[in-house]
Amino acid sequence: MDSNENKEILVTESKDEKKVPTITSKLRHNILEIPKEVYKASGIVIYGRRIKSFVFSTDIAIIRNCDADAVFAVYPFTPQQAISNAIISNSYIPVFCGVGGGTTNGLRTIGLAKDVEAQGAMGVVLNAPITNMNLLAVAKSVDIPVIITVVSEDTNIDRRLESGASIINVAAGAKTADVVRSIRSRYPDLPIIASGGKTGETILKTIEAGANAITYTPPTTAELFSAMMTKYR
């Protein structure tokens, strides 16, 4: 029996008229797609891999069934090695792990950063409240990019960079594009990741403000199930 009998090969054309072969199957054709506006971003090259889109999720089912370039595994609880290990082990795209910076800090943050690096994370993400001293300690402890979250224009970017941050992650809610624009005007070459929200319109607005890469907030599994059940009914 031909092992490829269930595979489907589609050929589409991009805007530059190049044909792009697309491989799907009868079972795995319904993946979660990041809005196409994200392709307008320049991307950030990390260890030879260009990353334009991050899926902001810790849901293994979504991570395994989306077309994002990488995973932004940050969640509102104290980071745990069991969680990071599960995500990294089951993801076939690079994972950037949150290791604290707010409630979780100090030596524990350093230890978590070392652990996720050993597990195979491509980078670590630190929350905005972390001190520059703690940031520096993390940066000196690992050999992967350290991403620092920025939530307002008042952040002293120079100090963050001096303390070892490799990439800035802007997460300022409705003001994200404005904060990105402000930082980009002062740092033309700084790698910037930024929240793109849930729509192509907000993603494009953030890219035009100067973001190199976008974190995309996907629909929840409940929302996806709702749409599926509507079809079934």
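Residues numbered from 1 in each chain as written. Predicted model: local features only at pLDDT ≥ 70, side-chain atom pairs only at ≥ 80, totals over all residues. Heavy atoms only, no water.

## Things to note about the overall build of the protein chain
Item 1. A tally of regular secondary structure across the protein chain gives eight helices and 12 strands.
Item 2. Taken over the C-alpha trace, the protein chain has a radius of gyration of 19 Å; the compact-globule value for 233 residues is 17 Å, and the two agree within 12%.
Item 3. For the protein chain, the spread of C-alpha atoms along the principal axes amounts to about 60 × 40 × 35 Å.
Item 4. A buried classification covers 42% of the 233 residues belonging to the protein chain.
Item 5. Across the protein chain, contacts joining residues at least 24 apart in sequence account for 53% of those joining residues at least 6 apart. (Helix = DSSP H or I, 4+ residues; strand = E, 2+ residues; numbered from the N terminus. Rg over C-alpha atoms; globule rule 2.2 N^0.38 Å. Buried < 20%, exposed > 50% of the residue type's maximum accessible area, 1.4 Å probe, protein only. Contact = heavy atoms within 4.5 Å.)

## Points about the packing of helix 6 (residues 176–186) against helix 7 (residues 200–209)
Item 1. Helix 7 packs onto helix 6 with a crossing angle of 15° between their chain directions and a minimal axis gap of 8 Å. In terms of their interaxial angle, helix 6 and helix 7 are classed as roughly parallel. In this structure, helix 6 crosses over helix 7, and the sense of that crossing is right-handed. Along its contact with helix 6, which presents Thr176, Ala177, Val180, Arg181 and Arg184, the element helix 7 presents Lys205, Thr206 and Ala209.
Item 2. A breakdown of the residues in the contact of helix 6 with helix 7 according to their chemical character gives three nonpolar, two polar and three charged. (Axes fitted to C-alpha atoms, helices over the stretch in contact; angles between N-to-C directions. Parallel < 35°, antiparallel > 145°, perpendicular 65-115°, else oblique. Left-handed = near helix turned anticlockwise from the far one by under 90°. Nonpolar A, V, L, I, M, F, W, Y, C, P; charged D, E, K, R; others polar.)

## Quick look at the environment of Asp143
Item 1. Looking at the secondary structure, you find Asp143 in the loop between helix 4 (132–141) and strand 9 (146–150).
Item 2. Along the primary structure Asp143 and Ala113 are separated by 30 residues, whereas in three dimensions their C-alpha atoms are 9.9 Å apart.
Item 3. Apart from residues no more than four positions distant in its own chain, Asp143 is found in contact with Tyr47 and Glu117.

## Structural notes on the pattern of salt bridges
Item 1. Under the counting rule described, the total for this entry stands at three salt bridges.
Item 2. Lys36 is the salt-bridge partner of Glu33, the closest N and O atoms lying 3.6 Å from each other.
Item 3. A relative accessible area of 46% means that Glu33 is categorised as partly exposed.
Item 4. For Lys36, a relative accessible area of 45% gives the class partly exposed.
Item 5. As a salt-bridge pair, Arg181 and Asp178 come within 3.2 Å of each other at their nearest N and O atoms. A residue pair is termed a helical-turn pair when its members lie 3 or 4 positions apart in one helix, as Arg181 and Asp178 do in helix 6 at three residues. (Salt bridge = Lys/Arg side-chain N within 4 Å of Asp/Glu carboxyl O.)

## Quick notes on the pairing of strand 12 (residues 213–216)
Item 1. Every second residue of strand 12 is oriented toward a common face, with Ala213 and Thr215 on one face and Ile214 and Tyr216 on the other, all of them buried.
Item 2. Strand direction decides the pairing type here: strand 5 (residues 53–55) and strand 12, joined by three bridges, are parallel. When the bridges of strand 12 are listed, Val55 appears paired with Tyr216.
Item 3. Note that strand 11 (residues 192–197) and strand 12 share four bridges and pair parallel. Within strand 12, the position partnered with Ala194 by the bridge is Ile214.
Item 4. For the handedness criterion, the β-α-β arrangement of strand 11, helix 7 and strand 12 is classed as right-handed. (Pairing = 2+ DSSP bridges. Right-handed = clockwise from strand over helix to strand, strands pointing away.)

## Observations regarding the side chain of Thr104
Item 1. Among the secondary structure elements, Thr104 is positioned in the loop between strand 7 (95–98) and helix 3 (106–119).
Item 2. Owing to a relative accessible area of 7%, Thr104 belongs among the buried residues under this scheme.
Item 3. Ignoring any residue separated from it by four or fewer positions in sequence, one finds Thr104 in contact with Thr78, Pro79, Val99, Thr109 and Leu112.

## Re the sheet that holds strand 5
Item 1. Taken together, eight strands build a closed barrel; the order of strands is 5-6-7-8-9-10-11-12 and the barrel is parallel. Strand after strand, the sheet turns through a mean of 30° between neighbouring axes, direction not considered.
Item 2. Where strand 5 meets strand 6 (residues 70–73), two bridges bridge the pair, whose relative direction is parallel. Looking at strand 6, one finds that Phe54 is bridged to Ala70.
Item 3. Running over the sheet, helix 2 (residues 81–90) touches strand 6 and strand 7 and is turned about 170° from strand 7.

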